[in-house]
Each structure stands twice: as C-alpha cells, then as structure tokens.
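# An overview of the molecular structure
The residues making up each chain are set out below.
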Amino acid sequence: MKGVLLVNLGSPDSTKTNDVRDYLDEFLMDERVIDLPKWLRTFLVKGIILKTRPKKSAKAYRKIWWKEGSPLIVLSKRLQNKVQKNVSVPVELSMRYGNPSIEDGLNALNKLGVDNVFIIPLYPQHAMATTETIMVLAEELKNKYFPKMRFTSLPSFYNHPDYIRVLANTIQEFLKGKNFEHLLFSYHGIPERHIKKSDITQSHCKIDGKCCFMESPAHAYCYKHQCEMTSLKVAEYLELKPNTYSTIFQSRVSIIGQWLRPYTDKTIEAFAKNGAKELAIATPSFVSDCLETLEEIGMEATEDFKDNGGKHLHVIPCINDRDDWVKVLSRWIDEWALNKSV
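Calculation criteria
Residue positions are given per chain, counting from 1 as you read along its sequence in written order. With the structure being a predicted model, the display of local features is reserved for residues of pLDDT at least 70 and the display and counting of side-chain atom pairs for 80 or more, all residues being used for whole-chain, interface and lining totals. Hydrogens and waters are ignored; side-chain quantities use all the structure's heavy atoms. Two strands qualify as a pair provided that DSSP identifies no fewer than 2 bridges between them. In DSSP terms, a helix is any run of H or I states spanning at least four residues, a strand is any run of E spanning at least two, and both are numbered starting from the N terminus. A crossover gets the label right-handed when its path from the first strand over the helix to the second runs clockwise, viewed with the strands pointing away from the viewer. Type-normalised accessible area, obtained with a 1.4 Å probe on protein chains alone, sets the label of each residue: buried when under 20%, exposed when over 50%, and partly exposed for intermediate values. Every axis corresponds to a line fitted to the C-alpha atoms, with the helix fit spanning only the stretch in contact, and the corresponding angles, defined between N-to-C directions, vary from 0 to 180 degrees. Throughout, a residue-residue contact means that at least one pair of heavy atoms, one from each residue, lies within 4.5 Å.

Sheet analysis places strand 3 (residues 116-121) next to strand 4 (residues 150-153), joined by four bridges and oriented parallel. Residue Ile119 lies in a different strand from strand 4, and its bridge partner there is Ser153. Considered for its hand, the β-α-β crossover made up of strand 3, helix 5 (residues 128-145) and strand 4 is right-handed.

Shown next as structure tokens:
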C-alpha cells in the first residue's frame, strides 16, 4: 500500500524557554546543520549557544505565535489536510525537528498498512541541513523500526515549472497595485563549506558568482545554484528587467564560519541608505511562513529598513496552503501513485 509523508523543518512545542531550548538542541546538534566534530559542536551548542539563545528565540516566537500554535505547524497541517482531500492515498505530516516527528509519521502510515512511502521534503532547494538530513534520518528509522518499508523521495523542485508558476503568482498577486523599486529573493543562509561538501565533482563549486551559471552535474545538489535558478526562473516568468531583482541570504550564524552572501540584513540596510523607499521581498526557500519570515523579515528587517530611511518593505507571504500549490502537490502525488515520473 502506498502513502505520503510531508516533512517540514519543525518548531518548538510552545514559546516557553525550555521548549525552545529542547528544539534548538535537537536542531543545532544535527551534524548536517552544524557540520563540525561532535566535541566542538557540543561545546558550541551546549556550552555557548544554548546558554543565551533559547530566551531570545522564545521572545521572538512569542511575537509570531498564533492562537492555534506555531504558524509553521498550523500552515503545514492545513496543507496536509487540503492535499489529503485531493488524493486517494493516506498523507501524514512530520517535522524534522520537534513534533510530530518523522518516526511518528512513519508509524502512523505503518499502522494503516503502508509499506511504500513517498517522502516529500517541503524544501524547494536541496541542502545538507534540509532534504539530506530528512532522508538520512528516515533511512535510520526504517532500518530500525520499519524494515519492510520502501522509500521514494521527491527531488528538489526549485526549477519545476509548476512550482515556479505558483511562486511567481504568489508574488504577482501580493504586489498588484504596489509600487516597489527592487524585488529581493531572500533564502535561508548556509555555511559556504556546505556548498563544497555537496559538490559531487569536488571541483566545480567555487562560490565565485560564476560557477552557479555554468553547466555541471554539481548543480543537482548545489543549494546556491538552485537558489539562483529559482530567482532567475521567477524573474523570467514575471518578465522582470535585469538589475531589478537580487538573490540574498538570511539567518547566518557567524561563529561557525563564512556563510553565503550577500547578506539580507546588510543588503536591505544598503538599499535604504542609498535612498530606496519601496522594496519587495520574497522568501522562496520557505514553503510555509515561520519565524524566519514572520519575525526576522516581517518585523526585524522591516524595522531596519525604516530606521535607515526606507518607507515600505513589502513582505510577500510564502506559498503556504494556496489552492494552486495544493493542486500541484496533489498532482505530483497522483503521478507517483500511478508510477509516473513527477
């Protein structure tokens, strides 16, 4: 029997500092998030980061928390429920970190008699800290608890025409009637060394602004290339003129090495100081609105833009549970269930 497991990043169980600490502990101790030797990762996470960050992050979560709970969890559940109504196979939802866990999702499918699982990481672009860590954990759980299960995973869909259309329409609809001078595509940052570790050629990725636009098998697993291509494809769909949009990266943790640039906060500040009054910003590495989109961009970045002379930062929502996105996901699931390529 076939079934589907949607997997998103995750969220703390509540805005209490202890719950946030537990969530950050699980997240940051993942060797594919902070890819340092375990002793050093443990020292940084448990000895430094978890001493101060949980309290600060809990305060940030409280700013964006909904009555129903974490926005990311609520929106993911809405997406799951809508997709389930459109497909004939069971659909479960899991989070890589926090609850409901991937083990919970696989166990729920197993109880229904599912032995053939289509895992859909809700990330358009491939990265060690997103799609890769999901599949690694899923395999570990399969070997330990569900040895008869078979897995298929949805490939990165960063440039899939269906996804590009949904994302572009989201942007276009939100910005209709609004004036803006430049469109920013802000993606979650990752350490530059992750790009080189994911380079299957071990030679192509130079992070020099050129290699992302040169043909290479490395692009199948290159996060930066896939971000650049998402921006480019959406810009083409929207018929944007050159130099009217940019690709930037947010949410860096500077104590663990050099991260992808240009940085979102520095870019927004520079635009404001150079006289820009109206900017638009989309966050295409996130399928669901979350702390990074609602607080980091919707609140912090908006305030920084105004403090430096800007007037309006138009923050475009994620694709969340839009009907056209639901239709796309449902069609991909149906094609998989019928043994067709997605």
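So, about unusual backbone geometry. Most peptide bonds take the trans configuration, and most residues that are not glycine carry a negative phi. Between Asn99 and the following residue, Pro100, the backbone shows a cis peptide bond with an omega angle of -5°. Residue position: Pro100 is located in the loop between strand 2 (91-98) and helix 4 (102-111). The peptide bond linking Arg261 to Pro262 adopts the cis configuration, its omega dihedral lying at 5°. By the element assignment, Pro262 lies in the loop between strand 6 (245-250) and helix 9 (264-273). Phi is positive for Ile207, close to 55°, though the residue is something other than glycine. Mapped onto the elements, Ile207 comes out in the loop between helix 7 (192-197) and helix 8 (223-238). Unusually for a residue other than glycine, Glu239 sits at a positive phi of about 55°. Along the chain, Glu239 turns up in the loop between helix 8 and strand 6. Looking at Glu239, the relative accessible area reads 71%, which means it is exposed.

A few words now on the sheet that holds strand 4. Spatial strand order, 2-1-3-4: four strands in an open sheet with parallel pairing. Looking along the sheet, the strands with just one partner apiece sit at the ends: strand 2 and strand 4. For this sheet the average axis-to-axis angle between neighbouring strands, irrespective of direction, equals 30°. Docked against the sheet, helix 3 (residues 71-84) engages strand 1 (2-11) and strand 2, running at close to 160° with respect to strand 2.

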